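# Coordinate inspection notes
What follows is the residue order along each chain.
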Amino acid sequence: MIRGGNPVLSMARGGLLAVWVFVAAFPFVWMAMMSVRAPVDALAQPPKLFAPVTLMHFYQVWVLDGFWHQAINSAVVTVGTVTVSLTIGCLAAYALARYRGSLGFWLLIAALVFRAMPHVVLLTAYKPAFFQLGLWNRYETLIIVLVAINQPFTIWMLRSFFVNIPPELDEAALVDGCTRLQAFRRVIMPVMWPGVITAGLFSFLLAYNDYLISSQLMNGDHMTMTSALSNYMNANDDAMKLLRGIAGAVSVCLPLIFLIVFFQRQIVAGLVQGAVKG
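Below or above, wherever it landed, is the structure these notes cover. (Residues numbered from 1 in each chain as written. Predicted model: local features only at pLDDT ≥ 70, side-chain atom pairs only at ≥ 80, totals over all residues. Heavy atoms only, no water.)

Turning our attention to the environment of Ser 230. Structurally, Ser 230 is set in helix α13 (residues 230-233). With a relative accessible area of 24%, Ser 230 lands in the partly exposed category. For the pair formed by Ser 230 and Pro 255, sequence separation is 25 residues and the distance between their alpha carbons is 19 Å. (Helix = DSSP H or I, 4+ residues; strand = E, 2+ residues; numbered from the N terminus. Buried < 20%, exposed > 50% of the residue type's maximum accessible area, 1.4 Å probe, protein only.)

Nonpolar side chains collect at one region of the surface, where Val 19, Phe 22, Val 23 and Phe 26 lie side by side and expose about 410 Å² of accessible area between them. Looking at where Val 19 falls in the secondary structure, it is placed in helix α1 (residues 7-35). (Patch = residues over 30% accessible without salt bridge, like charges linked within 9 Å, V, L, I, M, F, W, Y side chains within 5 Å. Areas by Shrake-Rupley, 256 points an atom, 1.4 Å probe, with all protein chains shown as cover. Salt bridge = Lys/Arg side-chain N within 4 Å of Asp/Glu carboxyl O.)

A side chain of one charge can pair with a side chain of the opposite charge when the charged atoms of the two come close. Scanning all chains against the criterion turns up 4 salt bridges. Between Arg 98 and Asp 170 there is a salt bridge whose closest N-O contact spans 3.1 Å. Of this pair, Arg 98 sits in helix α4 (residues 67-98) while Asp 170 sits in helix α8 (residues 167-175); the two residues are 72 residues apart in sequence, bridging distant segments of the chain. Across the pair, Asp 170 and Arg 98 agree in class, each one buried. Between Glu 140 and Arg 138 there is a salt bridge; the shortest N-O distance is 2.5 Å. Among the residues examined, Glu 140 registers a relative accessible area of 37% and is labelled partly exposed. Where salt bridges share partners, they join Arg 98, Asp 170 and Arg 180 into one cluster.

All of the buried residues along helix α3 (residues 56-64) are His 57, Phe 58, Gln 60 and Val 61. End-on view of α3: buried residues confined to an arc of 165°, all on one side of the axis. Structurally, α3 contributes buried residues whose contacts are with α1, α2 (39-42), α4, α13 and α14 (239-262). Downstream of α3 by a residue or two, Gly 66 has a phi angle that is positive, lying close to 70°. (Arc of directions from axis to C-beta. Contact = heavy atoms within 4.5 Å.)

Further remarks concern the packing of α3 against α14. Packing of α3 against α14 brings their axes to within 8 Å, and their N-to-C directions diverge by 80°. Relative to α14, the element α3 lies roughly perpendicular. Taken together, the residues of α14 that come into contact with α3 (itself represented by Met 56, His 57, Phe 58, Gln 60, Val 61 and Trp 62) are Met 240, Leu 243, Arg 244, Ala 247, Gly 248, Val 250 and Ser 251. (Axes fitted to C-alpha atoms, helices over the stretch in contact; angles between N-to-C directions. Parallel < 35°, antiparallel > 145°, perpendicular 65-115°, else oblique.)

Okay, here's the thing in structure tokens:
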């Protein structure tokens, strides 16, 4: 085995990686810097790299503007969407992975077609019906719509994980006296945790980051954090309000960063596992 490599090529790869990291991280780093500076320093021309730090904008957006209400709304919607998506997705994906008929293939194709549709197309059908039924501006309404949008992708992803699990595990559990549901819960699911975490993360990202659907179906006290940020982004003539919006945007991004860092090993393991045969 050849050890080492071309030092010039290694330096070029390192340089390109450093440039990519800088370009990708710069918007968030700059936004974070602006969120902890006074307006006179944050909007100074030319920009000041070193300025006093203040948490005034975070206090204003979270306490005075009540952004914590939107945080609770986002938590309820996200947890509900992930729970329903994974429950239905695991059962459906397991059944499709073990089903050998042609019907399973066509069901997957139909799911893929629905997933490929623009979200606004589905919204035009959902919104009038929810208005007529009096289901507008409710948590369960938004959860149902987000699950409907996300479910095909969840099923496709989880099915690729279930396909990699040998059917002999199911058969051995059935021989030992387990029912099909017990075999699924006690034998298959413990092996599936990396895949479940990966699929759950993508479901989380869809529900947590959604703006179009939540902004159309929820308002007032039921708005999510991403929807509430639009109230600040149009305040170009109000520096204080704009900086409060930037502080709110930083607050929205931080949980995503901690989530990815905390589950990075499970996510990589799940993606590798699902890519073997899926």
